Amino acid sequence: MTKWVYGFGNGKAEGARDMRNLLGGKGANLAEMSNIGLPVPPGFTISTDVCTHYYANGKTYPADLEAEAEKALLAVEEIVGAKFGDVKNPLLVSVRSGARASMPGMMDTVLNLGLNDETVEGLAQQSGDRRFAMDSYRRFIQMYGNVVLDVEHYHFEEALEDIKDETGAVSDTDLTAEHLTTLIERYKKLVADQLGKPFPQDPKEQLWGAIGAVFNSWQTPRAITYRRLHDIPEEWGTAVNVQAMVFGNMGNTCATGVAFTRNPSTGENLFYGEYLVNAQGEDVVAGIRTPQHLTIAGKKAHGSDLPAMEEVMPEVFQQLCEVRTLLETHYRDMQDIEFTVQMGKLYMLQTRSGKRTSAAAIRIACEMADEGLIDSREAVMRVEPQSLDQILHPRLDPKAKRDVIAKGLPASPGAASGIVVFSADEAEKLAQLGEKVMLVRIETSPEDIHGMHAAEGILTTRGGMTSHAAVVARGMGRACVAGAGDIRIDYKSGRFSVRDVIVAAGDWITIDGSTGEIMKGRVPTVQPELSGDFARIMEWADSHRRMAIRANAETPEDVATARGFGAEGIGLCRTEHMFFEGDRILAVREMILANDEAGRRKALARILPMQRGDFEAIFDIMKGLPVTIRLLDPPLHEFLPREEAEFQELAASLAVDAKLVQARASQLHESNPMLGHRGCRLLNSYPEICEMQARAIFEAAVAVQNKSGEAVLCEVMIPLVSIKKELDLLRSRIEGVAAEVEKETGIAPKYTIGTMIELPRAALRAEEIAQSAEFFSFGTNDLTQTTFGISRDDSATFLNDYQRYGIIEHDPFQTIDRDGVGELIGIAVERGRKSRPEIKLGICGEHGGDPASIAFCEELGLDYVSCSPFRVPIARLAAAQASIQADQK
C-alpha cells in the first residue's frame, strides 16, 4: 500500500533530507530539522506522488489519502495540545507548497487556516489578545480568498485602505480589534458578493480547499514559466506541507524573519537577514513595514536607525546564531532560513540552500573548502556554470534608473550603451572617431562583421539565440539583444519605433544582453571583477575535468581573450570572417567576378599575404596549442553587395561595368544557400581557393616555427562533407601544397586534416569518411538545422510555442537534442572510431558552451568542446562537473 503522508515534529520525523524527490525540498528539510532536534512546529507532508496522481486522474485524490491526512493531523493535535476546529482551543495550520527544486514565490501559501467566526473567539480567549486574533482572521480571509477562492487581491487591499482612511490609521498595526472586526465583515461580504456564496466556515473544507489550491498552483502560468526558465520538469510535481501555526504577531515578544547564513550577494561569512517584531511572515517580504536587520553590524552597514534583533532579543538571537552554525555544518552549504519567535520562543519554519550571486557562490565554495566543510570536487559542483556570465561581462548598475522600451532575446550577455547607428560602415567610422555606438539592424550578415566588432553592442529585430548576430556577438564578447520583434526599423529615415516611442540615429540607447531589455538613454554599468577565488575554482575545475576546452575565434583579439580565459586550443577559426576586413573584401570580390581560373588566382594572390598574416598572429598567441582552421564555408554571393548603389561603387572600384557585377550576383543567387554551393562543394568547384588558404596556413606555421623554434599544430578542417570523395579530392590538394611549402622552406608543416560533421549523411557514413579524416568536429548548429529541417534564424518565431505546448523541452539550438541530433553524433562517434580508433573528436557549434550539451559530450567521450571565448570558463567548469558526475555513477 502506497504511503502518501509523512509526519514530522517533536524531535522526530518519518522523512529525511534525502527524500526531497518524494517530500519536496521544504518537506524533506522540515523532516531533517526535526530529526536533528531543532524547534520545528509539528506537521505533515503530502507527497509529490499525490500531485502526480491528482493530475493523472482528473484532479482527484487517492482514495486513502484523506484517512492518512486525518491520522497525521491527530498526531499534530497531540503534540501541540490543541484541536483542529475546536471552538475553545483551536489548532491553526499553514498550508504551503514545496517542490523538489526551490521555486521561491512561484507557488501558493495559506496561513492561519482553521479560523472561522467561532474559533477566532477561542483564539482571542487563549491568547488573551483580541486584536491579535482578529488580525489573524482578517489575514486568513484575505489570503484564502485570493489563493483558494480566486478573489482578486486588490479587492481586499481596497477594503483595507478604506477602513484605514475612515479611522485615520497610518499603518495596519494602528487598526484596533473593533476596526478589524468591521473589516472582517466587509471581507466576508466581499467574498459572498464575488462568489455568490459565503466564506467557508468548516475548517475541514478550508483545509482541503487549500491543499487543492497548492496542487493547482503547480500549473499556474508563473510556475510554468519559472520551470521552463530553470529546466524543472513538469512531472516532478509539488508536495504540500501542513504545519501547526506559530505566531510572530502576538505582541512585542514575538517576531518573524528571514536570514542567510552568509551574505548571498558577496559570500562574506556574516549572518545576514531581516526581521520584524509583532508580524507574520508575509509582512517581511511584502514591504508593508520596513524590516529591521538581524545584527548590529548589518544595521550599521546600512545606516539604519531601527534596532537590530541582536539588541531587541539578545537571547533568541544567540539561539538563532547557534542554529545558523548547526545548519551550515549539517548541510555543508549556505542556508536560507525562515523563523518565527512566539512569546520569546524560537521556531524554525524552513531551511534550504540559499540562492546566491555567482561571485558569492565562488567565494562560499572556496571558503567552505578552506574550512574543511567540503573538498575541491564539491566546491566545483557548488558553482552554477551559466551563472559565470554574471561576472565575465559588464552589467547594469543595479541602483541606476531604467526606461525600458522593448524586450528581445538575451542573445549575448553583458550590458552596453551607445548611440544608434543603422549600418556597419557607420558603426566603424564613428567608433574610429571615439564614439560609442550601438549597431541596430533588422538582421546581421557576415558583411556586417566590421561594424559588429566596432560596436559596443548589437540589437536586431529578427533572429533567435543562434542567429548570426547572436553567434558572432558571443564570440566577440559583445552584448546582444536579438529578435526584438516589437521594434520597427526604417533605414531610410534613420530611426526605429516601438509603439509610440521613436529613436533616431545618434540617440543613446542601452541594452542588457543578459535579460533582453532595451532602454532609452545611457544606463551606467559596473565592470566585472575577477577575484582570486575565481582562479582557484577554475584551477580545481581543470584538475577534475577530462575534456579539453577550446575556443571559436578568428581575430587576434578574440584569440588572446580565449587564451586569457584558459582555452587550450582553437576549435574553430572561421576564415570567411577575415575576408570581410579592410581592403581584402575588394580582392575577394575581384576573385568572384573573374572570368577564369587565372583571374581568380591573380586575385587570390593578393589575399594570400593577408591570410598568412592572420594565421601568423593566431599561431603566435597560441604557442604550439592546436588551431583548427575551417576553410571557406559560405556561398560566394554573401561577399557581394546587395544594393544598387553598392553595385555601382564596386564596379567603379574594379573598373568594370555595373551590369557585370549585377549579372554575377544574380548568377550566384541561391534559393536556399544554407544547403547550396558552399563548403567543400565550393572548394571542389574552385580548388584554387583551397590551395591559397592551405598555403597561407602552412607558410604562417613555418614562419612562426622559425621565429619561436616551437612547432605549430595546424588542423585543417574541410566543411560540409557528406561524401568521402569530396574530402579525398581536397585532401590531396592540401597535401600537395604542404609538400610544396616543405620543399620551398625546408620545414615540414605539422598538420592534420579533418572535417566538420554537420550533415546527417556525414554522420551515417562516418566509418568511411574517417578513413580520410584524422579528426571530426561536430558542427552542431548546422547539424541541428539539417536534422530538424529548421532554419536557426527563423526558428525563434515558433520554438517558444513548441516549448509551451510540450512538443520540445529545450530549444535545440541552445541545448543538443539528444534523441535526434544526439543520436546522429553518437552514431558518427561509434562508426568513426571503428574505422580510426585514435580519431580526435570535438564539437564547435554554439552547444560547446552549453553545460547540458557539454555533459552529453562527456557521456560520448569526446576529446574537446569549443565555444566562444567568453564562455570558456563556463565550459571549463561544466566539463569538470560532467567528469565528476560521471565518476560518481
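Refer to the structure presented above.
Residues numbered from 1 in each chain as written. Predicted model: local features only at pLDDT ≥ 70, side-chain atom pairs only at ≥ 80, totals over all residues. Heavy atoms only, no water.

Q: So what's going on with the overall build of the chain? Which residues, and what values?
A: For the chain, the helix and strand inventory stands at 36 helices and 34 strands. Computed over the C-alpha atoms, the radius of gyration of the chain is 33 Å, within 12% of the 29 Å expected from 2.2 N^0.38 for a compact globule of 889 residues. Oriented by its inertia axes, the alpha-carbon framework of the chain measures out at about 105 × 60 × 55 Å. Counting over 889 residues, the chain shows a buried share of 57%. Across the chain, every contact between residues at least 6 apart in sequence was considered, and the portion connecting residues at least 24 apart equals 68%. For the chain, the exposed surface amounts to about 36,400 Å²; the carbon and sulfur share of it is 49%. Of the charged side chains in the chain, 95 are positive and 128 negative, and the gap between their average positions amounts to 3 Å. (Helix = DSSP H or I, 4+ residues; strand = E, 2+ residues; numbered from the N terminus. Rg over C-alpha atoms; globule rule 2.2 N^0.38 Å. Buried < 20%, exposed > 50% of the residue type's maximum accessible area, 1.4 Å probe, protein only. Contact = heavy atoms within 4.5 Å. Areas by Shrake-Rupley, 256 points an atom, 1.4 Å probe, with all protein chains shown as cover. Lys, Arg positive; Asp, Glu negative; His and termini not counted. Charge placed at Lys NZ, Arg CZ, Asp CG, Glu CD.)

Q: So what about helix 21 (residues 556–564)? Which residues, and what values?
A: Looking only at helix 21, the buried set comprises Asp558, Val559 and Ala562. Relative to the axis of helix 21, the buried residues are bounded by an arc of 100° and lie together on one face. Positive phi appears at Gly566, one or two residues downstream of helix 21, with a value of about 100°. (Arc of directions from axis to C-beta.)

Q: Requested: an account of unusual backbone geometry, with residues and values cited.
A: The backbone of Arg332 shows a phi angle near 55°, a positive value even though the residue is not glycine. Here the phi dihedral of Arg499 falls at roughly 55°; this positive angle occurs in a residue that is not glycine. Residue placement: Arg499 occurs in the loop between strand 22 (495–498) and strand 23 (501–504).

Q: Please give an account of the sheet that holds strand 8 (residues 238–244) that cites residues and values.
A: With antiparallel pairing, the six strands of this open sheet are ordered in space as 2-1-3-8-6-7. Edge strands, defined here as strands with exactly one partner in the open sheet, are strand 2 (12–13) and strand 7 (109–113). Pairing of strand 1 (residues 5–9) with strand 3 (residues 43–46), which is carried by four bridges, proceeds in the antiparallel orientation. Each residue of the ladder has a partner; that of Tyr6, found in strand 3, is Thr45. Helix-sheet contacts for helix 3 (residues 65–80) involve strand 1, strand 3 and strand 8, and the interaxial angle to strand 3 is about 160°. (Pairing = 2+ DSSP bridges. Axes fitted to C-alpha atoms, helices over the stretch in contact; angles between N-to-C directions.)

Q: Requested: an account of the nonpolar core, with residues and values cited.
A: Membership of the largest hydrophobic core comes to 145 residues, with the highest contact counts inside it found for Leu388, Ile537, Phe619, Phe776 and Phe778. Looking at this core, the element that brings in the most residues is helix 28 (residues 687–708), giving eleven residues. Dropping the residues within four chain positions of it, Leu388 is found in contact with Ser358, Ile362, Val383, Phe534, Met538, Pro873, Ile874 and Leu877. Leu160, Tyr226, Val242 and Met245 belong to the second-largest nonpolar core, a separate cluster that totals 71 residues. (Core = buried A, V, L, I, M, F, W, Y, C linked by side-chain atoms within 4.5 Å.)

Q: Now, about a nonpolar patch on the surface: what can you tell me, with residues and values included?
A: A grouping of Tyr802, Tyr805 and Ile807 is seen on the molecular surface, where their side chains present a nonpolar patch of about 340 Å² in accessible area. In this structure, Ile807 sits in the loop between helix 33 (799–804) and helix 34 (821–835). (Patch = residues over 30% accessible without salt bridge, like charges linked within 9 Å, V, L, I, M, F, W, Y side chains within 5 Å. Salt bridge = Lys/Arg side-chain N within 4 Å of Asp/Glu carboxyl O.)

Q: Tell me about the sheet that holds strand 15 (residues 404–407), and please be specific about residues and values.
A: Spatially, 15-25-24-17-18-19-20-16 is the arrangement adopted by the eight strands of the open sheet, whose pairing is mixed. The two strands at the open ends of the sheet, each matched to only one other strand, are strand 15 and strand 16 (409–412). Between one strand axis and the next, the sheet turns through 30° on average, direction left out of account. Relative to strand 25 (residues 517–520), strand 15 runs antiparallel, the two sharing three bridges. Bridge pairing in strand 25 links Ala406 to Ile518. Helix 17 (residues 424–432) contacts strand 17 (415–421) and strand 18 (437–441) of the sheet and is inclined by roughly 180° relative to strand 18.

Q: Got a sec to walk through the pairing of strand 17? Specific residues and values, please.
A: Counting buried positions along strand 17 yields seven of seven residues, so the element is predominantly enclosed. Summarising the sheet, strand 17 and strand 24 (residues 508–512) pair through five bridges and their orientation is antiparallel. Note on strand 24: the bridge partner recorded for Gly418 is Ile509. Summarising the sheet, strand 17 and strand 18 pair through three bridges and their orientation is parallel. Note that in strand 18 the partner of Val421 across the bridge is Leu439. At this point the chain moves from strand 17, through helix 17, to the parallel strand 18, and the crossover so formed is right-handed. (Right-handed = clockwise from strand over helix to strand, strands pointing away.)

Q: Describe a negative patch on the surface, listing the residues and the values that go with them.
A: Residues Asp425, Glu426, Glu643, Glu646 and Glu649 make up a contiguous surface patch of negative charge. Here Glu649 shows up in helix 25 (residues 644–654). Note on Glu649: relative accessible area 60%, which makes it exposed.

Q: Requested: an account of the environment of Glu517, with residues and values cited.
A: Looking at where Glu517 falls in the secondary structure, it is placed in strand 25. A C-alpha to C-alpha distance of 7.5 Å links Glu517 and Val481, two positions 36 residues apart in sequence. Apart from the residues lying within four places of it in its own chain, the contact partners of Glu517 are Arg402, Val404, Ala406, Lys407, Val481, Thr510, Ile511 and Asp512.

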